[in-house]
Amino acid sequence: MTNTKTEPTVKKDYFTTIQMRNALIQIEDQMVHSAWMPSIVLGINRGGCIPGVYLSHRIKTPHEVLDVRLRDHTTKPNLSVLEKAFAFQKKILIIDDINDSGETFNYIVKNFGKGDGRIKFAALIHNTPSKAQIDYHGYVIDKSKNPAWIVFPWEEWDK
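Residues numbered from 1 in each chain as written. Predicted model: local features only at pLDDT ≥ 70, side-chain atom pairs only at ≥ 80, totals over all residues. Heavy atoms only, no water.

S.K.: Explain the packing of helix H1 (residues 17–33) against helix H2 (residues 49–58) residue by residue, including any values.
M.R.: Interhelical geometry of H1 versus H2 gives an angle of 55° and a closest axis separation of 10 Å. In terms of orientation, H1 and H2 fall into the oblique class. In terms of crossing hand, the pair formed by H1 and H2 is right-handed. Listed contacts from H2 to Thr-17, Met-20, Arg-21, Leu-24, Ile-25, Ile-27, Glu-28 and Met-31 of H1 are Ile-50, Pro-51, Tyr-54, Leu-55 and Arg-58. For the contact of H1 with H2, a count of residues per class yields 9 nonpolar, 1 polar and 3 charged. (Axes fitted to C-alpha atoms, helices over the stretch in contact; angles between N-to-C directions. Helix = DSSP H or I, 4+ residues; strand = E, 2+ residues; numbered from the N terminus. Parallel < 35°, antiparallel > 145°, perpendicular 65-115°, else oblique. Left-handed = near helix turned anticlockwise from the far one by under 90°. Contact = heavy atoms within 4.5 Å. Nonpolar A, V, L, I, M, F, W, Y, C, P; charged D, E, K, R; others polar.)

Structural data, given as structure tokens:
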């Protein structure tokens, strides 16, 4: 008799490109209504790169990649792009695909700060149990009530 252990099936919710664009419009609208627009957009590597580029084109603002990968990589996050941007830019928007646990955004705040209000945070999706507070978001979910892995268009080649 073999001991076969089956892995639990993780529910997947697929996030579309149209949803991404709608979320970015919501983020832009929230920035306009708060009378705050960035002078640079920093997309968190990897999930925030594509939304960051889209948003930077929409609001006609430069984009750079901020290399903070806590989940998939063992290399130390590199905040040098943020340091450089902070030295030369008045307002910095840091964007990611999802504010899930909050670890990435909290890592940035813990190791760099919020720059006296010059740095704001955004995510396409905000998970309400997250331990990080963000300034702007597109969609709101609660993974404690609906646990699912959000699959973004850039994460899965075969769909």
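S.K.: Residue-level account of the pattern of salt bridges, with values.
M.R.: Under the criterion given, the structure shown has 4 salt bridges. Across the salt bridge formed by Arg-58 and Glu-28, the nearest N and O atoms sit 2.5 Å from each other. Placement of the pair is Arg-58 in helix H2 and Glu-28 in helix H1, with a sequence separation of 30 residues. In this structure Arg-58 comes out as partly exposed when scored by relative accessible area, which is 43%. (Salt bridge = Lys/Arg side-chain N within 4 Å of Asp/Glu carboxyl O. Buried < 20%, exposed > 50% of the residue type's maximum accessible area, 1.4 Å probe, protein only.)

S.K.: Which residues make up the layout of surface pockets, and what are the values?
M.R.: Size it by volume and the second largest pocket reaches roughly 160 Å³. Together, Asp-13, Tyr-14, Phe-15, Gln-19, Ile-125, Tyr-139, Ile-141, Asp-142, Lys-143, Asn-146, Ala-148 and Ile-150 line the second largest pocket. Sorting the residues of the lining of the second largest pocket by element identifies strand S1 (12–14) and strand S6 (136–141) as the ones contributing at least two each. Its residues placed into classes, the lining of the second largest pocket shows 7 nonpolar, 2 polar and 3 charged. (1 Å grid on protein atoms, 1.4 Å probe; cavity = no way out; pocket = protein on both sides within 12 Å on 5 of 7 lines; lining within 4 Å. Points joined across faces, edges and corners; volume = space filled by probe spheres on them.)

S.K.: If you had to explain the pairing of strand S4 (residues 92–99) to someone new, which residues and values would you point to?
M.R.: Within S4, 8 of the 8 residues are buried, which leaves the element mostly enclosed by the surrounding structure. Where strand S2 (residues 40–44) and S4 come together, 4 bridges link them in parallel fashion. What sits directly across from Leu-42, in S4, is Ile-94. In this structure, S4 lies alongside strand S5 (residues 119–127), joined through 7 bridges in parallel fashion. Bridge pairing in S5 links Ile-94 to Phe-121. (Pairing = 2+ DSSP bridges.)

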